[in-house]
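The residues making up each chain are set out below.
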Amino acid sequence: MRIAKITTPDLRLHHRETETQTHHPLLSDIELLIKQSEAISKDQPLPQSLPTSLRQSLTRLSQLVPFPNNSFKLAIWKLSFRLWNACVDLSNAATLQSSSTSAEIIANLRHVAADMLFLAKDVTGVPSPTVKSSLFYYRTGLVWHSLKNFDLASNCFERATEIVSKIDIAKISDAGEKKLFLDLNLARSRTAWEISDKNLAVTLLNRAKNMLFGSPEHYKLLSNQFLAFGKSSLTKDDDDCSLNDALRLMNEALDLCEKGLGTAKIREDTMEFTTMRTKTLRFISAVHLQKGEFESVIKCVKVLRNGGNGSDGADQHASLPVLAMKAWLGLGRHSEAEKELRGMVGNKDIPETVWVSAVEAYFEVVGTAGAETAKGVFLGLLGRCHVSAKAALRVAHRVLGESRGGDSGSRIRANVVAQLVSDERVVALFASEAVTKERKAIHAVLWNSASDHFRAKDYEISAEMFEKSMLYIPHDIENRVFRAKGFRVLCLCYLGLSQLDRALEYIEEAEKLEPNIACSFLKFKIYLQKKEHSCAIGQIDAMTSCLDFSPDYLSLSAHEAISCQALPVAVASLSKFLSFYISGKTMPTTEVVVFRTLVTILTQDIGSETEAFNFMLQAQSRASKLGTECFFGSGETGKREQNWFAVTCWNLGSRCGNAKKYELCGEFLRLASEFYGSTDTDESGENTAMICKSIILSVTAMIALEKQNKSTLTETQVKLASELLMRAGKIMSSLLSDGIMEPELIFMYTLNAYDIHGRLNNSAFQLLVVKTFASSKSCNYNYLLQLGIFASQNPRSNPDVSKFALNECLSAMIASTSPDYPTIALIIRKLISISSVHKNDTEDEESIIKMYKQAYRIMVGLKEGEYPTEEGKWLAMTAWNRAALPVRLGQFETAKKWLSIGLEIAEKVSGMDTYKACMEDYLAGFVAKVSSDMI
């Protein structure tokens, strides 16, 4: 603002005198510098040396105080005014307004002008020179304050205060001068506030109360300043001290408004004071709310609403329902808070951000119980005004909260949000391209909530939230992948709910949008759970045809099938898995593990032994082709794998043998011998022994199958059995000395070898193998008895072997400390029967006689009944009856031998007394007759 030139009458009278008496060189220098400032154009930069030069000249000028005359002082005043006006012109220049450096230079020039005026403040002939000097400092201080140089601003305000301090306020009549006193205090107070000298700032405001002069304008200024300081206290800190200071300052502002109303003479002032009072009351309510003084908030709101603010009507400001709602929430009166919140729906003056914030505040306090209210308020707002997508997003996010799902509160919130976001009006908010960001955001919010509930296994709510999130995915090509992903997760949800038909519908929709391995695998999983095993097996082939197929999915499919007890599906999946090994692809799992898993699955199902054998056979073939170490693995791991296959084959063979599945039993045992043979022979010879056992039992199974089927082994089978037994014999010969082989297995080998070589008509080997067994430590009379009986009964019997075995058995039993006479009697009868059937010459006759005599010798000395009576009778009767043929043939000596043997045995058998008498009479008569015939 330019300062008008001094043109008072007295000055005009002395104009000429002044011009002649004030041509002082120092003033001339100052005038030259001022002319430079006046000559600066808008396009020229301000010389930075100008303020310094003027300040130096001013310092020299101050040394001339007191000045020689009033004209000299008046000249200084004129120069000061010219400099000030030049500063005003420079400040208005457009090119200088944006330069902070230029603004600071101009402020310095103003400061120089004020200091020049201060040097000549006691000039005469100028109205209110003191006030004008103070005014220069006041305005300069305002400039420094705007430049945030608060120290210089404070200096200016303090100098101005000192200048006017000697003036008696009561004697001031000019309104402008009165206002200067107030403005100066207010400006000084603002500067003190900026430099955090709050006590001084408030003191100055209180001092300004004495400078109101009954002016409504002054009351407004001071009240606004108190309110401004109060609001500033609120924004800086939220501690109790700051809140108390803010409340105190706002109460001062309110008090000034009340008093100002009494000074108002016109309607405009009254309305302005009323507006200020209402505004201050709202801020006071906000402070009470921050302090937690909720009752005070309610009182303030009631005063404002009831029109107790001095106005004609009630205050309907948009902040009042928010303040009231938060206060009621603080008091725990949720029903009143809900009324306030619902009342906001009808208030069109409430900005969107305010009511969204109110909804958030209400829901934060009330929680899940307020979810329905929040939804109702939001939908009500949709009906009365335009609501942005961002607001809908905020409400949905706030209602959902940070819950992780799995509790009743989370379910209620999710249900409310699901109803909210599925409303057609809400969906329409996110339809345009302008809200793409918000649409993606709400989709993410719903998706994350659904994911949380899915992880908590609350599949029902999860499915609902996923379905609602699909409403915010556009139906375009770019979003096909996202829609497919949504359908896939919905499929998972309904799988969890066991709603398999709906799950299948969703995955088929996903497959239409994005056919991939994930869709194919989920269809496989659905078929499994529906127990449609044939469809599941067919889906395995569909999986392998996917572009993003990985063999890992076959392994995963097998695990899923096992968990569903769908063993055929698991087998089909792993069988497909094996085909990739044959093609030479790099696989995540070793081939032997897949074979082991397959066999393990099949062994769980009785009746799948044939399939298990086929895979075992395939594994053995792959091991032979790739090499044992390459297939099974190296080190201890490889040994364990080999041992597992060998033991499993053995166990399956044993199981099949117990189930009388002799063909599979033999196959498994032969394969077991191959697996045991592929392992490194250990020092204990256990694997070697298992090879021998497997072979022996395998041949045993072949013979058992022959009997079961009532058929005859083919020549090829007999040859195979012979080769197997020969191999077993070689192994067994090396193990007998170590005592590793069980006697039962050695006996079984001997029995099988006898049988098979009998089919090959190799009687010499039959006798050799039995003799070898008889001479071993594993042999006992029971085994010999079985061998003897078997050799005598077999269609391809061998009497030599039979007699040898039975004789060896008889010798062993007789030599026993407690002979088993019933068995001995059985052996004797068997030997007599064999010799009788295969008798060829007199030597055989003599051998038979020896057997009878041996029986007689055994019976001698035994207690009655110790030797089986029936067997004794049989011996006596058969011996007696053997004399019949020699008698008819006239071989009387031979007949006499048999009759004598029969009688001797009969004498040792109880119960044959009658027979014995008859036999004695017949023998005596026979001897007499033979003797008479000879004479």
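Residues numbered from 1 in each chain as written. Predicted model: local features only at pLDDT ≥ 70, side-chain atom pairs only at ≥ 80, totals over all residues. Heavy atoms only, no water.

Per an unreviewed UniProt entry, the protein carries the name Protein ZIP4 homolog and comes from Cardamine amara subsp. amara.

**Student:** When you look at helix α8 (residues 129-146) in this model, what are you seeing that I'm missing?
**Tutor:** Along an α-helix, a turn takes 3.6 residues, which lines up residues three or four apart on a common side. Look at α8: 26 Å from first C-alpha to last across 18 residues, which is about the 26 Å you get at 1.5 Å a residue. Taken residue by residue, α8 has Pro 129, Val 131, Ser 133, Ser 134, Phe 136, Tyr 137, Tyr 138, Thr 140, Gly 141, Trp 144 and His 145 as its buried positions. Contacts made by the buried residues of α8 are with α5 (70-92), α7 (100-119), α9 (150-164) and α10 (175-194). Following α8 by one or two positions, Lys 148 adopts a phi angle in the positive range, close to 65°. (Helix = DSSP H or I, 4+ residues; strand = E, 2+ residues; numbered from the N terminus. Expected span 1.5 Å × (residues − 1). Buried < 20%, exposed > 50% of the residue type's maximum accessible area, 1.4 Å probe, protein only. Contact = heavy atoms within 4.5 Å.)

**Student:** What is the right way to look at the nonpolar core in this model?
**Tutor:** Soluble, globular proteins show a tendency: their nonpolar side chains are buried together. By size, the foremost hydrophobic cluster in this structure holds 155 residues, and its most contacted members are Leu 54, Leu 61, Phe 378 and Met 465. The element contributing the most residues to this core is α5, with twelve residues. Ignoring sequence-local partners within four residues, the contact set of Met 465 consists of Leu 400, Ala 414, Val 417, Ala 418, Leu 446, Ser 449 and Ala 450. Ranked by size, the runner-up nonpolar core spans 130 residues in total, among them Ile 696, Phe 747, Ala 791 and Met 912. (Core = buried A, V, L, I, M, F, W, Y, C linked by side-chain atoms within 4.5 Å.)

**Student:** Explain a negative patch on the surface to me, please; I cannot follow it from the model alone.
**Tutor:** A surface patch of negative charge is lined by Glu 904, Glu 907, Glu 920 and Asp 921. Of all the elements in the fold, those that place two or more residues in the negative patch are α46 (892-907) and α47 (913-934). Position of Glu 904 relative to the elements: it lies in helix α46. Given a relative accessible area of 33%, Glu 904 falls into the partly exposed group. (Patch = residues over 30% accessible without salt bridge, like charges linked within 9 Å, V, L, I, M, F, W, Y side chains within 5 Å. Areas by Shrake-Rupley, 256 points an atom, 1.4 Å probe, with all protein chains shown as cover. Salt bridge = Lys/Arg side-chain N within 4 Å of Asp/Glu carboxyl O. Lys, Arg positive; Asp, Glu negative; His and termini not counted. Charge placed at Lys NZ, Arg CZ, Asp CG, Glu CD.)

**Student:** Can you help me understand the pattern of salt bridges in this one?
**Tutor:** Should their charged atoms come close, side chains of opposite charge can pair. Under the defined criterion, the tally for this structure stands at 33 salt bridges. Between Glu 467 and Arg 502 there is a salt bridge, with its nearest N and O atoms 3.4 Å apart. Taken together, the residues Glu 467 in helix α24 (residues 459-469) and Arg 502 in helix α26 (residues 500-513) connect sequence positions 35 residues apart. As a salt-bridge pair, Lys 576 and Asp 541 come within 3.3 Å of each other at their nearest N and O atoms. Pair noted here: Lys 576 is in helix α30 (residues 567-582) and Asp 541 is in helix α28 (residues 533-544), with a separation of 35 residues, a long-range link. By relative accessible area, which is 43% here, Asp 541 ends up partly exposed. Each of Glu 31, Glu 38 and Arg 82 takes part in one network of salt bridges that share partners.

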